[in-house]
Amino acid sequence: MAATTEEQIEEVRRLIASIPAGFVATYGDIADAAGLSSARTVGWIMRTDSADLPWHRVLGASGKPSAHLAHRQIAKLELEGVPIKEGRIDLKKARFHF
């Protein structure tokens, strides 16, 4: 597997920063928009370089936040008016299309 380039990292960061309040994107959405082969690469980038980004607007494909972040993430998304039902984000209504 090829190493992730600085350009790819910056593109992922740019895409995450472009998600407006009230919307979300999945790791896969971002990977597709950035031309990456795997959503896991987006996850890796976020784990290492996303403290200054709206990380709470990025979810897994199920629309359910990661267990260790769920309370904080849901709280932030609720404040932005993202539709949430039973701990899951309604991706049909809230998904941002790049």
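Before reading on, note that the structure itself is shown above.
Just so it is clear, the model here is predicted, and its values are computed rather than measured. (Residues numbered from 1 in each chain as written. Predicted model: local features only at pLDDT ≥ 70, side-chain atom pairs only at ≥ 80, totals over all residues. Heavy atoms only, no water.)

*Asks:* Kindly report on the overall build of the protein chain, identifying the contributing residues and their values.
*Replies:* Within the protein chain, the secondary structure is distributed over 5 helices and 4 strands. Each helix and strand of the protein chain, ordered N terminal to C terminal, gives the series α-β-α-α-β-α-β-β-α. The C-alpha atoms of the protein chain give 13 Å as radius of gyration, which agrees with the globular expectation for 98 residues (13 Å, within 12%). Across its three principal axes, the protein chain shows a C-alpha extent of roughly 40 × 25 × 20 Å. For the protein chain, the accessible surface area stands at approximately 6000 Å², while carbon and sulfur atoms represent 52% of it. (Helix = DSSP H or I, 4+ residues; strand = E, 2+ residues; numbered from the N terminus. Rg over C-alpha atoms; globule rule 2.2 N^0.38 Å. Areas by Shrake-Rupley, 256 points an atom, 1.4 Å probe, with all protein chains shown as cover.)

*Asks:* Any chance you could break down the side chain of His56 for me, citing the residues and the numbers?
*Replies:* If you trace the backbone, His56 turns up in the loop between α3 (39–48) and β2 (58–59). If near-sequence neighbours (up to four positions away) are discounted, His56 is found in contact with Gln73, Lys76, Leu77 and Glu80. (Contact = heavy atoms within 4.5 Å.)

*Asks:* Please give an account of the packing of helix α2 (residues 27–34) against α3 that cites residues and values.
*Replies:* Look at α2 against α3: their axes get within 7 Å of each other, and the N-to-C directions meet at 100°. With respect to their mutual orientation, α2 and α3 come out roughly perpendicular. Contacts between α2 and α3 involve Tyr27, Gly28, Ile30 and Ala31 on the former and, on the latter, Ala39, Val42, Gly43 and Met46. Taken together, the residues that form the contact of α2 with α3 break down as 6 nonpolar, 2 polar and no charged. (Axes fitted to C-alpha atoms, helices over the stretch in contact; angles between N-to-C directions. Parallel < 35°, antiparallel > 145°, perpendicular 65-115°, else oblique. Nonpolar A, V, L, I, M, F, W, Y, C, P; charged D, E, K, R; others polar.)

*Asks:* Which residues make up the pattern of salt bridges, and what values do they have?
*Replies:* Considering all chains together, one arrives at 7 salt bridges under this definition. Residue Glu10 pairs with Arg13 through a salt bridge whose shortest N-O separation is 3.9 Å. Note that Glu10 and Arg13 are positioned in helix α1 (residues 6–17) at a spacing of 3 residues, about one turn of the helix. The class for Glu10 is partly exposed, based on a relative accessible area of 43%. Judged by its relative accessible area of 14%, Arg13 is buried. Where salt bridges share partners, they join Glu10, Arg13, Asp49 and Asp52 into one cluster. (Salt bridge = Lys/Arg side-chain N within 4 Å of Asp/Glu carboxyl O. Buried < 20%, exposed > 50% of the residue type's maximum accessible area, 1.4 Å probe, protein only.)

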